[in-house]
Amino acid sequence: MAENRMAEEADNGVSSRAERKALEKAKILQRENERKIFRQVGRVLKKPEAERSEEEAAVLLLHRETVEELCKRQVRRNVIKRKQEEVFDDADELKSKVRQLTVAVKQAKHLVVYTGAGISTAASIPDYRGPNGVWTQLQKGRTVSSSDLSKAEPTLTHMCIRMLHKEELVKHVVSQNCDGLHLRSGLPRHALSELHGNMFIEVCTSCSPVREYVRLFDVTERTSLHRHGTGRRCSHCGGELRDTIVHFGERGTLEQPLNWKGAAEAAMMADVILCLGSSLKVLKKYACLWSMNRAASKRPKLYIVNLQWTPKDDMAVLKIHGKCDDVMSLLMEELNIQIPVYDRTKDPIFSLATPLQPEEVGSHTREVLSSSHGQEDCLPEPGEQAEEATGVQGGWFGRGYGKGRKKKKAA
């Protein structure tokens with residue numbers, strides 16, 4: 001009896017394995033057949049209707065669901081392509097829109113400016129989602145070429161924003177940029193929220209309160225997603241210093257330079273929000289910046305300056321399709337306010353910077369900012385400057401994104 005039972009269990013085991021294999025094989029064949037049909041229907045759809053044979057027309061009739069699915073996919077591709085295209089208002093339309101913006105700026109009681117990578121492209125810093133943006137290139141599997149970011153200087157737009165704040169027309173600036181150019185333009189720190197960090201600032205979180213070190217070089221050389229140690233240590237407690245960058249997939253908790261409190265308070269008081277050079281695909285997720293708890297009629301009036309589609313376009317009072325520098329130049333002309341020229345000798349970063357300790361000289365290979373009078377406090381020793389310094393790929397500049405994608409795929 002026992003032998004018969006064992007034989008039956010063995011037969012059942014072989015049978016169940018054979019059934020599983022047959023089922024898996026059937027699924028594979030079904031998928032291959034579906035792919036074949038998709039390819040066949042796809043080839044027919046590419047042809048103009050007048051050029052299709054009777055057999056090809058019959059194929060479309062036979063596989064109506066596949067035709068519908070392929071048409072839906074094409075519509076989605078066209079929508080995505082349209083959203084990625086850059087649109088430019090003509091000269092007359094641009095001037096007309098800027099005049100409307102001028103009225104809003106003059107009448108605003110509490111104007112807040114949100115800035116993105118588009119305001120720094122004039123400083124040769126790539127944006128993220130433009131045709132040649134960092135994310136766009138990486139998604140296409142291309143290598144991101146980058147210039148030396150330490151050579152960038154505040155753009156005309158940065159200087160306009162600083163002046164508008166000085167004239168008390170702008171109350172607060174909320175930036176997604178990590179390039180530190182708002183700070184270097186002379187914009188006061190209390191009026192600035194750098195939500196994604198600042199490449200020139202490293203901090204000691206072991207100290208209470210958190211101790212900040214402003215440097216004259218990009219501190220993100222060794223950092224990336226979930227890896228923030230810069231390799232230097234706090235001169236007060238010996239704790240490891242870390243950068244302030246917030247990558248995709250991370251939550252920023254530092255009070256400064258992120259200044260979320262200042263950003264939230266400014267948004268709460270805002271009656272007008274001006275978005276400059278941001279795709280708003282990240283900012284849209286922060287409900288506190290858009291007063292979503294208010295009735296739609298009581299939310300701040302939204303003005304957007306961007307060449308591409310943004311998810312907030314439908315909410316905007318006005319969308320201006322133009323380069324930030326062009327728009328801001330026209331705005332300042334309408335306001336009759338002179339645009340200040342960036343003066344490197346008055347760059348606040350030189351007075352804010354903390355010199356490296358003697359033992360830390362040579363702890364980085366990034367080029368050091370220098371004033372026109374020469375600033376050598378933090379320069380590496382001769383021969384320490386690496387050749388790669390001219391091709392910078394900082395922790396905030398693409399590397400974190402790449403690591404994030406690999407991690408997601410692995411999961």
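Criteria and thresholds
- Residues numbered from 1 in each chain as written.
- Predicted model: local features only at pLDDT ≥ 70, side-chain atom pairs only at ≥ 80, totals over all residues.
- Heavy atoms only, no water.
- Helix = DSSP H or I, 4+ residues; strand = E, 2+ residues; numbered from the N terminus.
- Expected span 1.5 Å × (residues − 1).
- Buried < 20%, exposed > 50% of the residue type's maximum accessible area, 1.4 Å probe, protein only.
- Arc of directions from axis to C-beta.
- Contact = heavy atoms within 4.5 Å.
- Polar contact = N/O pair within 3.5 Å; in protein donor to acceptor, adjacent residues only side chain to side chain.
- Pairing = 2+ DSSP bridges.
- Axes fitted to C-alpha atoms, helices over the stretch in contact; angles between N-to-C directions.
- Parallel < 35°, antiparallel > 145°, perpendicular 65-115°, else oblique.
- Left-handed = near helix turned anticlockwise from the far one by under 90°.
- Nonpolar A, V, L, I, M, F, W, Y, C, P; charged D, E, K, R; others polar.
- Disulfide = S-S within 2.5 Å.
- Salt bridge = Lys/Arg side-chain N within 4 Å of Asp/Glu carboxyl O.
- Core = buried A, V, L, I, M, F, W, Y, C linked by side-chain atoms within 4.5 Å.

### Side note on helix α4 (residues 91-107)
Thinking step 1. Between its first and last C-alpha, α4 extends 25 Å over 17 residues, near the 24 Å set by a 1.5 Å rise per residue.
Thinking step 2. Taken together, the buried positions of α4 are occupied by Leu94, Lys97, Val98, Leu101, Thr102, Ala104 and Val105. The arc that holds the buried residues of α4, viewed along the axis, is 165 degrees, so those residues lie on one side. What points out from α4, more than 90 degrees from its buried face, is the exposed set Asp92, Lys106 and Gln107.
Thinking step 3. Residues of α4 that are buried sit in contact with β1 (111-115), β8 (272-276), β9 (301-305), β10 (318-320) and α9 (324-335).
Thinking step 4. Backbone nitrogen of Asp92 and a side-chain oxygen of the N-cap are separated by 3.2 Å at the start of α4; the cap is Asp90.

### Section: the pairing of β9
Thinking step 1. Most of β9 is tucked away: four of the five residues are buried.
Thinking step 2. Note that β8 and β9 share five bridges and pair parallel. Directly across from Leu274, in β9, lies its bridge partner Tyr303.

### Comments concerning the packing of α4 against α9
Thinking step 1. Viewed as axis vectors pointing N to C, α4 and α9 meet at an angle of 60 degrees, and their least axial separation amounts to 9 Å. Of the possible angle classes, the one that applies to α4 and α9 is oblique. When you trace α4 past α9, the crossing you get is right-handed. Two secondary-structure elements touch here, α4 through Leu94, Lys95, Val98, Arg99, Leu101, Thr102, Val105 and Lys106 and α9 through Val327, Leu330, Leu331, Glu334 and Leu335.
Thinking step 2. A breakdown of the residues in the contact of α4 with α9 according to their chemical character gives eight nonpolar, one polar and four charged.

### Examining the state of the cysteines
Thinking step 1. Counted under the stated rule, the structure contains zero disulfides.
Thinking step 2. Left unpaired, Cys204 is separated from the closest cysteine sulfur, that of Cys237, by 3.5 Å.

### Thoughts on the pattern of salt bridges
Thinking step 1. Here the structure, examined in full by the defined rule, presents 12 salt bridges.
Thinking step 2. Of the charged contacts, one joins Glu202 and Arg232 as a salt bridge, the two residues approaching to 3.0 Å between their closest N and O atoms. Note that Glu202 is positioned in strand β4 (residues 201-204) and Arg232 in strand β6 (residues 229-233), a separation of 30 residues in sequence.
Thinking step 3. Residue Asp218 is joined to Arg366 by a salt bridge in which the shortest nitrogen-to-oxygen separation is 2.7 Å. Residue Asp218 is found in the loop between β5 (211-214) and β6, and its partner Arg366 is found in the loop between α10 (349-352) and α11 (395-410); the two are separated by 148 residues along the sequence.
Thinking step 4. One network of salt bridges, with partners in common, ties together Glu69, Arg73 and Arg76.

### Considerations on the side chain of Ser175
Thinking step 1. Within the secondary structure, Ser175 is located in strand β2 (residues 172-175).
Thinking step 2. With relative accessibility at 1%, the residue Ser175 sits in the buried group.
Thinking step 3. Here the side chain of Ser175 touches Asn177 through a polar contact of 3.0 Å, landing on its backbone nitrogen.
Thinking step 4. In this view, Ser175 contacts Thr115, His182, Leu192, Ser193, Glu194, Leu195 and His196; residues no more than four positions away in its chain are not counted.

### A short note on unusual backbone geometry
Thinking step 1. Cis rather than trans, the peptide bond between Ser208 and Pro209 has omega equal to 0 degrees.
Thinking step 2. One can find Pro209 in the loop between β4 and β5.
Thinking step 3. A cis amide bond links Gln256 with the next residue in sequence, Pro257, at an omega value of 5 degrees.
Thinking step 4. You can see Pro257 is positioned in the loop between β7 (240-243) and α8 (260-269).
Thinking step 5. One non-glycine residue, Asn259, adopts positive backbone phi at about 50 degrees.
Thinking step 6. Notably, Asn336 is not glycine yet its phi reads approximately 60 degrees, a positive angle.
Thinking step 7. One can find Asn336 in the loop between α9 and α10.
Thinking step 8. What makes Asn336 exposed here is its relative accessible area of 72%.

### Here's the deal with the packing of helix α6 (residues 156-166) against α9
Thinking step 1. Interaxial distance between α6 and α9 falls to 9 Å at its minimum, and their mutual angle equals 35 degrees. Considering how the two elements wind past one another, α6 and α9 form a crossing that is left-handed. Of α9, the residues touching α6 (which contributes Leu156, Thr157, Cys160, Ile161, Met163 and Leu164) are Cys324, Asp325, Met328, Ser329, Leu331, Met332 and Leu335.
Thinking step 2. Along the lines of polarity and charge, the residues of the contact of α6 with α9 split into 10 nonpolar, two polar and one charged.

### Describing the nonpolar core
Thinking step 1. Judged by nonpolar contacts, the single largest core of 33 residues is most densely connected at Leu101, Leu164, Leu274, Leu276 and Leu331.
Thinking step 2. Elements supplying a minimum of two residues to this core: α4, β1, α6, β8, β9, β10 and α9.
Thinking step 3. At seven residues, the largest contribution of residues to this core is made by α9.

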